[in-house]
Amino acid sequence: MVTERLRLVPATIALCDAEVRGADFVARTLGATVPDSWPPPVFEPDDVARVRQQLVADPTASRWTLYYVLRQSESGTAAPALIGIAGFIAPPTRDGIVEIGYAIVPQHQRQGFATEAVNALLELALTDASVRVVVATAYVDLHPSIRVLQKAGFSETAYTPATGLMRFEYRRSTPPRPAA
């Protein structure tokens, strides 16, 4: 999947195995530069294991799993830079609900990359006619993450004070998003 500045590469078993081995292996597998701050704070080893299990169980599930977010070289000649992850937690439920998540490494935050990746995921999800609602969560103190979801057209639908977790939804019936 390609956007104006990004390329989203679906996870593979080989990429999951590279994650376990370290950033140098991820760089070689993706053909990208990987920052010293890799992985992003919320991308944990159990996430990699979950994605790998999904892909082993159903090799066609790559559409509904993790994507590596690569920033395309401005010159077009340098290797792209791995700047984050974005993707779906699992395939859509029978009720037509799919959840997204995303994380950008600190040095590439606040540059619109998360918004660009979320918009790409939203477009991909909505190409499946069975998807009625795309959901995402963010902690109440993560204002930039909340703003990403708002810019993409998501609405807050729930807040759990005990955890500080907010739930956002984008419904298929939501009016079209303005151009970013």
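Calculation notes
Sequence order sets the numbering: in each chain, residues are counted from 1 along the sequence as written. In keeping with the model being predicted, local features are shown solely for residues with a pLDDT of at least 70 and side-chain atom pairs are shown and tallied solely at 80 or more, while totals for entire chains, interfaces and linings include all residues. Excluding hydrogens and water, the side-chain figures rest on all heavy atoms present in the structure. What makes a salt bridge here is a side-chain nitrogen of Lys or Arg within 4 Å of a carboxyl oxygen of Asp or Glu, nothing more. Secondary structure is summarised from DSSP: a helix means a run of H or I of at least four residues, a strand means a run of E of at least two, and numbering begins at the N terminus for each. Classification of residues uses two cut-offs on accessible area relative to the type maximum, computed with a 1.4 Å probe and protein chains only: under 20% is buried, over 50% is exposed, and between them is partly exposed. Only when DSSP finds a minimum of two bridges between them are two strands counted as paired. Geometry is summarised by axes, namely lines fitted to C-alpha atoms with helices restricted to the contacting stretch, and by angles between N-to-C directions that run from 0 to 180 degrees. Note: the arc covers the axis-to-C-beta directions of the helix.

Colleague: Looking at this model, I keep getting lost on the pattern of salt bridges. Mind explaining?
Modeller: Side chains that carry opposite charge are capable of pairing whenever their charged atoms lie near each other. Using the criterion set out here, one finds four salt bridges in the structure. Glu 116 is the partner of Arg 5 in a salt bridge, and the nearest nitrogen-oxygen pair spans 2.8 Å. Of this pair, Arg 5 sits in the segment before β1 (6–10) while Glu 116 sits in helix α4 (residues 113–126), and the two are 111 residues apart along the sequence. For Arg 5, a relative accessible area of 27% corresponds to the partly exposed category. Overall, the relative accessible area of 15% leaves Glu 116 in the buried class. With a shortest N-O distance of 2.6 Å, Asp 17 and Arg 52 are connected by a salt bridge. Within this pair, whereas Asp 17 is found in helix α1 (residues 13–21), its partner Arg 52 is found in helix α3 (residues 45–57), the two being separated by 35 residues in sequence. Asp 17 gets classed as partly exposed once you look at its relative accessible area, which sits at 32%. Overlapping salt bridges, with partners in common, bring together Arg 167, Glu 169 and Arg 171 in one network.

Colleague: Teacher, can you tell me more about the sheet that holds strand β3 (residues 81–88) here?
Modeller: Through backbone hydrogen bonds, the strands of a sheet pair up, either in parallel or in antiparallel fashion. Across the sheet, which stays open at both edges, the seven strands sit in the order β1-β2-β3-β4-β5-β7-β6 with mixed pairing between neighbours. In this open sheet, the two edge strands, each paired with only one partner strand, are β1 and β6 (155–160). The average angle at which neighbouring strand axes cross in this sheet is 30°, direction not considered. Note: strand β4 (residues 97–104) against strand β5 (residues 133–139), three bridges, orientation parallel. Counterpart to Ile 97 in the pairing with β5 is Val 133.

Colleague: Would you explain α1 in this entry?
Modeller: Since the α-helix turns once every 3.6 residues, residues separated by three or four places project in the same direction. Every buried residue belonging to α1 is among Leu 15, Cys 16, Ala 18 and Glu 19, and all of these are buried. Angularly, the buried residues of α1 cover 160° about the axis, an arc narrow enough to put them on a single face. Pointing more than 90 degrees away from the buried face of α1 are the exposed residues Val 20 and Arg 21. Positive backbone phi, approximately 125°, marks Gly 22, located one or two places after α1.

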